[in-house]
Amino acid sequence: MNISPEARNHTNSLCIYDDMFIPGLAAIVKKIHKYDSYAVAQLNHRGQLLRSSVLGMQPVGPTNGIHPATGEPVRGLNQDEIKDIQANFVQAAIRAKRAGYDGVEIHAANGYLFHQFFTPRFNNREDKYGGSLENRMRFLMETVEKIKYICLDFNILVRISASEFISGGYSLEDAIHLAKSLEKLEVAAI
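Residues numbered from 1 in each chain as written. Predicted model: local features only at pLDDT ≥ 70, side-chain atom pairs only at ≥ 80, totals over all residues. Heavy atoms only, no water.

### Focus on helix H1 (residues 22-34)
- A rise of 1.5 Å per residue sets the reference length of H1, with its 13 residues, at 18 Å; its end C-alpha atoms lie 18 Å apart and thus fit the reference within 8%.
- Within H1, the full set of buried residues consists of Ile22, Leu25 and Val29. Taken around the axis of H1, the buried residues stretch over an arc of 65°, which confines them to a single face. Of the exposed residues in H1, those oriented more than 90 degrees away from the buried face are Pro23, Lys30, Lys31 and Lys34.
- Along its buried surface, H1 packs onto helix H2 (79-98).
- Phi turns positive one or two residues past the end of H1, at Asp36, with a value near 60°. (Helix = DSSP H or I, 4+ residues; strand = E, 2+ residues; numbered from the N terminus. Expected span 1.5 Å × (residues − 1). Buried < 20%, exposed > 50% of the residue type's maximum accessible area, 1.4 Å probe, protein only. Arc of directions from axis to C-beta. Contact = heavy atoms within 4.5 Å.)

As structure tokens, this is what we get:
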């Protein structure tokens, strides 16, 4: 589910960036719960995977550059924009909880925005969100903490990629460190 109107990847994607989506999402949850199953909303921001040719979305990421898969220019986010995106994730989690979901999954894998901040391939920042492993993890870790603080008694899952399978990417040891750090935040699943 898209956490902001600026992060929609296509016209058919589920959205959760406005209260107007809650009734429709609640109907989905009701059907899922009817079959004694858990409903978990996956929250995402595609970052530099956004395409200007699709809905006019501007690709954004940790730093300026060109995305190798799309060839589109990527604009680096400033710290105020990072805080706004974190607030969008928190508001999306609140809406998911209000719609009756049992939890949310933060999509931090497969080249999405949190993954882009975690990998040294794309993150060349020189502030508190770049450089060291701890700094590259900060955007995701802070977001999880903010959701946990607001959405008490709510399951938070985090989807990560264990490896990038590419030269210059983060290591398996880095992914293990991230997983252990998320475990310390008591996420429901990784």
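Following the structure, the description resumes.
### Quick notes on the sheet that holds strand S3 (residues 65-66)
- Read from one edge of the open sheet, 3 strands run S2-S4-S3, paired in mixed fashion. Each of the sheet's edge strands pairs with one partner strand only, and the pair in question is strand S2 (60-61) and S3.
- Both S3 and strand S4 (residues 73-76) contribute to a ladder of 2 bridges, which runs antiparallel. Across the sheet, residue Ile66 finds its bridge partner in S4, namely Pro73. (Pairing = 2+ DSSP bridges.)

### Topic: the sheet that holds strand S5 (residues 103-108)
- Reading across the sheet, the 3 strands line up as S1-S5-S6 and stay open at both edges, with parallel pairing between neighbours. Here the strands that pair on one side only, and so sit at the sheet edges, are strand S1 (40-43) and strand S6 (155-160). For this sheet, the mean angle separating the axes of adjacent strands, direction not counted, is 25°.
- As judged from the 6 bridges shared by S5 and S6, these two strands associate in the parallel manner. Each residue of the ladder has a partner; that of Glu105, found in S6, is Leu157.
- Each of S5 and S6 touches helix H4 (residues 133-150); the most contacted strand, S6, lies at about 165° to it. (Axes fitted to C-alpha atoms, helices over the stretch in contact; angles between N-to-C directions.)

### Let's talk about the side chain of His107
- The residue His107 is located in strand S5 in this model.
- The class of His107 is buried, set by a relative accessible area of 5%.
- Among the polar contacts listed, one links the side chain of His107 to the backbone nitrogen of Ala109, at a separation of 3.3 Å.
- Filtering out sequence-adjacent residues up to four positions away, His107 remains in contact with Gln42, Leu43, Asn44, Tyr112, Phe114 and Arg159. (Polar contact = N/O pair within 3.5 Å; in protein donor to acceptor, adjacent residues only side chain to side chain.)

### A look at the packing of H4 against helix H5 (residues 172-184)
- Relative orientation of the contacting elements H4 and H5 amounts to 35°, with a least axis distance of 11 Å. Crossing geometry of H4 relative to H5 is assigned as right-handed. Along its contact with H4, which presents Leu133, Glu134, Arg136, Met137, Leu140, Met141 and Val144, the element H5 presents Asp174, His177, Leu178, Ser181 and Leu182.
- Considering only residue class, the contact of H4 with H5 consists of 7 nonpolar, 2 polar and 3 charged. (Left-handed = near helix turned anticlockwise from the far one by under 90°. Nonpolar A, V, L, I, M, F, W, Y, C, P; charged D, E, K, R; others polar.)

### Considerations on the nonpolar core
- Leu43, Tyr101, Val104, Ile106, Leu140 and Val158 are the most contacted members of the largest nonpolar core, which totals 45 residues.
- Every element with two or more residues in this core is listed here: H1, S1, H2, S5, helix H3 (113-118), H4, S6 and H5.
- If we skip the residues at most four places from it in the chain, Leu140 touches Ile106, Ala108, Phe114, Val158, Leu178 and Leu182. (Core = buried A, V, L, I, M, F, W, Y, C linked by side-chain atoms within 4.5 Å.)

### Brief notes about the packing of aromatic side chains
- In the structure shown here, the tally under the stated rule is 6 aromatic pairs.
- Judged by centre distance (5.0 Å) and plane angle (50°), the ring pair of Phe89 and Phe114 falls under tilted. Of this pair, Phe89 sits in helix H2 while Phe114 sits in helix H3, and the two are 25 residues apart along the sequence. Phe114 carries the same exposure label as Phe89, and that label is buried.
- Plain terms: the ring middles of Tyr129 and Phe139 are 6.5 Å apart, the flat faces sit at 85° to each other, and that makes the pair edge-to-face. (Phe/Tyr/Trp six-rings, centres within 6.5 Å; stacked < 30°, edge-to-face > 60°.)

Taken by themselves, the reported measurements are silent on function.
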